[in-house]
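Chain residues, written in single-letter form:
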Amino acid sequence: MKLYYSPFACSLADHIALEEAGVPFEREAVDLKTKRTASGNDFAAVTAKGYVPALVLDSGETLTENVAVLDWIASQHPELSVAGPLGRTRVLEVLSYISSEIHRSFKPMWHPGHDAEKVKARAALAAQFGLVADGLKTDYLFGDRPSVADCYLFVMLLWAARFHVPVSASLEAFRNRMGARPAVRIAMTDEGLVNIASEPGIEQGG
Ligand SMILES: N[C@@H](CCC(=O)N[C@@H](CS)C(=O)NCC(=O)O)C(=O)O
């Protein structure tokens, strides 16, 4: 199994989930501007979509789209899923909200200029994170251990810190809690992410 990622991109969620699962996997960085992989290959040969994450399974099939990749990881590793009749649906509900609302709202932040759009995006994000904070009643979204949804939320909160989006004290505490997990430290170290909130050199994402 091989994860194609870009440092500090949304693929960090999948990277963290695979580390949390404790499974062996290969990983290769992708330059999102040139669309070349670290070994010099054309990323279009992996996925014509040209964006990360892409997870090549041992069967040779390639999965794309964060919601699908994270759902697949949870299906293989029940400790990262949520039990009960509505468990999987609730996780998909959060993953979809993060993907289609929060992740999308960050788009203007990744591009130079567009100051008015950034002001609007920051306000939208503050409201969206507020909704998530209202639902955070335990250490993690669904109890006392993280699911794949927490991995994705954590990455969005790193982006919030990077782009000065205000979030609640409860979400800041969640970010610190996730950030202290050994699997998260490993994934972030692998991606060369230290002092990420103030890291000015990382511009590929969104
Ligand atoms: N629909 C995709 C979007 C993934 C996405 O936006 N990936 C970004 C990094 S966070 C990317 O690779 N952008 C480069 C590009 O689109 O050219 C998903 O949800 O997985």
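From a predicted model like this one, the values you see are computed outputs, not experimental measurements.

So, on to the packing of helix 1 (residues 12-21) against helix 7 (residues 182-190). For the pair helix 1 and helix 7, interaxial distance at closest approach is 8 Å and the crossing angle is 130 degrees. With respect to their mutual orientation, helix 1 and helix 7 come out oblique. In this structure, helix 1 meets helix 7 at a crossing whose hand is right-handed. Facing helix 1, whose interface residues are Leu 12, His 15, Ile 16, Glu 19 and Glu 20, helix 7 presents Ala 183, Val 184, Ile 186, Ala 187, Met 188 and Asp 190. Classifying every residue of the contact of helix 1 with helix 7 gives seven nonpolar, one polar and three charged.

Let us now look at the packing of aromatic side chains. What the rule picks out here adds up to eight aromatic pairs. Taken together, a centroid distance of 5.7 Å and an interplanar angle of 45 degrees make the contact between Tyr 4 and Phe 43 tilted. With Tyr 4 in strand 1 (residues 2-5) and Phe 43 in the loop between strand 3 (36-37) and strand 4 (54-56), this pair connects stretches of sequence that are 39 residues apart. For Tyr 4, a relative accessible area of 9% gives the class buried. Looking at Phe 43, the relative accessible area reads 0%, which means it is buried.

Next up on the list: the pairing of strand 1. On strand 1, burial covers both faces: Lys 2 and Tyr 4 on one face and Leu 3 and Tyr 5 on the other are all buried. Two elements, strand 1 and strand 2 (residues 26-31), share four bridges in a ladder whose sense is parallel. Bridging across to strand 2, Tyr 5 finds its partner in Ala 29. In the classification by handedness, the crossover that spans strand 1, the intervening helix 1 and the parallel strand 2 is right-handed. Taken together, the three bridges between strand 1 and strand 4 define a ladder with antiparallel strand orientation. Bridge pairing links Tyr 4 to Ala 54 in strand 4.

What follows concerns the side chain of His 15. Take His 15: it is sitting in helix 1. Using a relative accessible area of 0% as the deciding quantity, one classes His 15 as buried. One polar contact links His 15 to Asp 190, side chain to side chain, over a distance of 3.4 Å. Apart from the residues within four sequence positions on either side, His 15 is in contact with Leu 3, Phe 25, Arg 27, Ala 187, Asp 190 and Glu 191.

It is worth spelling out the domain arrangement of the chain at this point. You can read the domains of the chain as domain 1 (2-77) and domain 2 (84-181). Residue-level contacts link 14 residues of domain 1 with 17 residues of domain 2. Counting each side, the surface lost to burial between domain 1 and domain 2 is near 1,300 Å², with a carbon and sulfur contribution of 78%. At the boundary of domain 1 with domain 2, the tally comes to two salt bridges. Measuring nitrogen to oxygen at the nearest pair gives 2.6 Å for the salt bridge that ties Glu 20 to Arg 181. Linking domain 1 to domain 2 there are three residue pairs in polar contact (both at pLDDT 80 or more).

Quick look at the site of the ligand now. In the neighbourhood of the ligand, 15 residues make up the surrounding shell, with Cys 10, Lys 35, Val 52, Glu 65 and Asn 66 lying closest. In the model, an oxygen atom of the ligand is placed 2.5 Å from a nitrogen or oxygen of the Lys 35 side chain. Between a nitrogen atom of the ligand and a main-chain N or O atom of Val 52, the distance comes to 2.8 Å. Bound to the protein, the ligand loses 80% of the 510 Å² it would expose on its own. In the shell around the ligand, the residues fall into seven nonpolar, five polar and three charged.

Among the secondary structure elements, Ile 102 is positioned in helix 3 (residues 87-105). Along the backbone, Ile 102 and Phe 129 are 27 residues apart, and their C-alpha atoms lie at a distance of 7.7 Å.

Calculation notes
All residue numbers refer to position in the chain's written sequence, counted from 1. Local features are withheld for residues below a pLDDT of 70 in this predicted model, meaning they are given only at 70 or higher, and side-chain atom pairs are given and counted only at 80 or more; totals for whole chains, interfaces and linings count all residues. Values shown for side chains rest on all heavy atoms present in the structure; no hydrogens or waters enter the calculation. Axes here mean lines fitted to C-alpha atoms, for a helix over just the part in contact, with angles spanning 0 to 180 degrees between N-to-C directions. Here a helix means four or more residues in a row that DSSP labels H or I, a strand means two or more in a row labelled E, and each is numbered from the N terminus. Angles are sorted into four bins: roughly parallel if under 35 degrees, roughly antiparallel if over 145, roughly perpendicular if 65 to 115, and oblique for all others. Should the near helix be turned anticlockwise from the far one by less than a right angle, the crossing is termed left-handed; should it be turned clockwise, right-handed. The criterion used for residue contact is that any of the two residues' heavy atoms lie within 4.5 Å. Polarity classes work like this: nonpolar for Ala, Val, Leu, Ile, Met, Phe, Trp, Tyr, Cys and Pro, charged for Asp, Glu, Lys and Arg, and polar for all others, with Gly in that last group. When the centres of two rings from Phe, Tyr and Trp lie within 6.5 Å, Trp using its six-membered ring, the rings pair. Their planes under 30 degrees apart give stacked, over 60 give edge-to-face, and anything left gives tilted. Each residue is assigned to one of three classes by its accessible area relative to the maximum for its type, calculated with a 1.4 Å probe on protein chains only: buried under 20%, partly exposed between the two thresholds, exposed over 50%. Strand pairing requires that DSSP identify at least two bridges connecting the strands. Orient the strands so they point away from the viewer; a crossover is then right-handed if the path from the first strand over the helix to the second runs clockwise. Any N or O atom pair separated by 3.5 Å or less is treated as a polar contact, with the protein-specific requirement of one donor-capable and one acceptor-capable atom, and with residues adjacent in sequence counted only for side-chain atom pairs. Residue ranges for the domains originate in an automatic or database domain assignment. Defined here as a combined quantity, buried area equals the accessible surface (1.4 Å probe) lost by two parts on assembly, summed across both. Salt bridges are defined as contacts in which a side-chain nitrogen from Lys or Arg sits within 4 Å of a carboxyl oxygen from Asp or Glu. For each residue, the test is whether any non-hydrogen atom lies within 4 Å of the molecule or strand; if one does, the residue is near. Only the protein chains shown count as covering a residue, and every accessible area follows the Shrake-Rupley method with a 1.4 Å probe.

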